[in-house]
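Fold and contact review
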Amino acid sequence: MTHRPFQPSVDYPPLARLLAATELRPVTPAALRAQDAELPPHGSLYAAPGKPLTGFGRIRLVDAGPDGELLAYATAWRAPWTPPGDVASLVVGSAGRPPELLLPLTDALEGWARGAGAHRLLGELPDGGAAFLRLLTARGHRVDAHVRTATARLDALRPATPPPGIRFGTLATTAAPQPALQLYRLYRETLQDNPGFADALPDFDRWYAEAVTGEGCRPDWVFTAECAGRVVGVSTARTTDDPHTCHIDYTGVLRPWRRRGLARALKTFAAHRLAAHRVRTARTAVEAGNSPMIAVNSALGYRWGPGRYRLVKDL
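Figured I'd write up the structure that's included with this text.

The rules behind each value
- Every residue gets a number counted from 1 within its own chain, in the order that chain's sequence is written.
- Owing to the predicted nature of the model, reporting of local features is limited to residues with pLDDT of at least 70; listing and counting of side-chain atom pairs is limited to 80 or more, with chain, interface and lining totals taken over all residues.
- The side-chain quantities take in all heavy atoms of the structure and omit both hydrogens and water.
- Every helix listed is a DSSP run of H or I at least four residues long, and every strand listed is a run of E at least two residues long, numbered separately from the N terminus.
- For each residue, the accessible area found with a 1.4 Å probe, counting protein chains only, is set against the maximum for its type, and the residue is called buried under 20%, exposed over 50%, and partly exposed in between.
- Two residues form a contact once any of their heavy atoms are found within 4.5 Å.
- Charge assignment in this entry is limited to Lys and Arg as positive and Asp and Glu as negative, and neither His nor the chain termini are counted.
- For this analysis, a salt bridge means a side-chain nitrogen from Lys or Arg found within 4 Å of a carboxyl oxygen belonging to Asp or Glu.
- Think of a polar contact as two N or O atoms within 3.5 Å of one another; within protein, one of them needs to be a possible hydrogen donor and the other a possible acceptor, and neighboring residues in sequence only count if both atoms come from side chains.
- The disulfide criterion is simple: two cysteine sulfur atoms within 2.5 Å.
- Definitions used throughout: a 1 Å grid over protein atoms alone; a cavity as a set of points that fits a 1.4 Å probe which cannot get out; a pocket as an open set with protein on both sides within 12 Å along at least five of seven lines; a lining residue as one with an atom within 4 Å of a point.
- Grid points are joined across faces, edges and corners, and a volume is the space filled by probe spheres set on the points.
- Side-chain classes are defined by residue name, with Ala, Val, Leu, Ile, Met, Phe, Trp, Tyr, Cys and Pro counting as nonpolar, Asp, Glu, Lys and Arg as charged, and the others, Gly among them, as polar.

Considerations on the overall build of the protein
Scanning the protein from N- to C-terminus turns up eight helices and 13 strands. When its C-alpha atoms are laid out on the principal axes, the protein stretches across 65 × 45 × 35 Å. Sorting the 315 residues of the protein into buried and exposed places 44% on the buried side. Long-range pairs, those at least 24 residues apart, make up 67% of the contacts in the protein between residues at least 6 apart in sequence.

Below, the structure written as C-alpha cells:
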C-alpha cells in the first residue's frame, strides 16, 4: 500500500477515530481542526551552512483503506522552541496492522527530516509495540527514555504538613511577587533534572498559554510551595474529560529545597484540594529513570500502568 499526504478536507474524522482506537488520546475532528488553525499556514525551516535546523515545519502522511478509513498515520514536525537540529515524529497504525507495513512511513519521515537538514529524529512508541520497536532499533533508533503512567485514588491520602518555613497555596491565591514569572523560572531550572523532558522550554508567553491558561488548566490547580515569598515548588493538575479524574501535569522542587519531603507533602496537599473539587482519581506520567519521583508517587499509592518509549535516531 502506498501512502499519501494528509488531506484536511476528508481526513480529520478518520484520523480522530484512529487516534482514539490506538488509545493515544481522545480527540474529535473539531479539536484537530482547531489545533491546526493555531499553526502558521506555511512552514519556515532554515538550516544555514554549519548551523543546526531551526524554525517551524511539518509533514503528515496517511495510509488509507478503500473505504476511506486510515490504516496508519505519520507526522514529523519542528516547533520554533524545539532544540535546534531536532525533529519530532509520530507513527501510529490501526489495530492488528503488521508493524513492517509502517516502515515506509518511518522512512518517508526520516527522508523529510534529512532533507530539511535535521540532525536528530525523535519519536515515541507505546509499550505494546515491541515488534515495531525491534524493527526501529535495527534501523538505528535507540531508546532514550521510558515514560511510565500511573494512577492514584486521591481520597485515600492522609493530610500532610509542609516542612518548616514552607507555605502551601495556589497560583490563584499566592501573595508571592510575580508568581507566574517565578514559576516559569522554576520550570526552567527543574526541567534540567527531569530525564523525561526532551524538548526545550518555550518563551514565557507561550509557556504561560500552555501551562497556566491552556486546555484543562486552572490557576487554583497550580499548587505552590513558598518560602519567604519565593516559589520553591509546584505541582500542577489539569482537568480531563472525566470531571472526577485529573492529570498531574508537572511536579518540581528547586534544588536547595529537595530531600526534605517537600514534593510528597505538596502532592498530598494538592490531592486534598483536588478531592474537595470532587476529583477522585489522579493520572500522571514519569520517566522510569526519575527515581525520586517514582519513589514519591509509589509512597502516595500510585499504581503503575503501561508507558511509552522515547526514541532517538541520529541523522
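So, the side chain of E287
Secondary-structure assignment places E287 in strand β12 (residues 281-287). Buried within the structure, E287 lacks any salt-bridge partner; R310 is the closest side chain of opposite charge, at an N-O distance of 6.1 Å. Looking at E287, its side chain comes within polar contact range of the main-chain nitrogen of G289, at 2.4 Å.

What to know about the state of the cysteines
Linking two cysteines covalently via their sulfur atoms produces the bond known as a disulfide. Within the structure shown, the criterion is met by zero disulfides. Take C217: it sits in no disulfide, and the sulfur closest to it among the cysteines is that of C246, at 12 Å.

Some details on empty space enclosed by the protein
For the coordinates displayed, the defined rule picks out two cavities of 30 Å³ or more. In this structure, the largest cavity occupies an estimated 140 Å³ of space. If you trace the largest cavity, you find 14 residues lining it, with S89, V91, T106, G123 and L136 closest to the centre. For the lining of the largest cavity, the secondary structure elements donating two or more residues are β5 (86-93), α3 (103-116), β6 (120-126) and α4 (130-138). At five residues, β6 tops the list of elements feeding residues into the lining of the largest cavity. Here the lining of the largest cavity is built from residues that sort into nine nonpolar, four polar and one charged. By volume, the second largest cavity is sized at about 60 Å³. Taken together, L154, L157, S235, I248, K267, A270, A271, L274, A282, L300 and Y302 make up the full set of residues lining the second largest cavity. The dominant element in the lining of the second largest cavity, judged by the number of residues it contributes, is helix α7 (residues 262-276), at four residues. Considered class by class, the residues forming the lining of the second largest cavity number nine nonpolar, one polar and one charged.

Observations regarding the pattern of salt bridges
Summed over the entire model, instances satisfying the criterion amount to 18 salt bridges. R17 is the salt-bridge partner of E69, the closest N and O atoms lying 2.6 Å from each other. In this pair, E69 is assigned in the loop between β3 (54-64) and β4 (70-78) and R17 in helix α1 (residues 8-21), connecting sequence segments 52 residues apart. For R60, the salt bridge goes to D36, with nearest N and O atoms at 2.8 Å. Of the two residues, R60 sits in strand β3 while D36 sits in helix α2 (residues 29-37), which places them 24 residues apart along the sequence. Grouping residues by exposure puts R60 and D36 together as buried. One salt-bridge network, held together by shared partners, links D36, R58 and R60.

Focus: the environment of L315
For L315, the location among the structural elements is in the segment after β13 (303-314). In this structure L315 comes out as partly exposed when scored by relative accessible area, which is 27%. A C-alpha to C-alpha distance of 9.0 Å links L315 and G117, two positions 198 residues apart in sequence. Not counting residues up to four positions away in its chain, the partners in contact with L315 are E110, A113, R114, A118, H119, R120 and L121.

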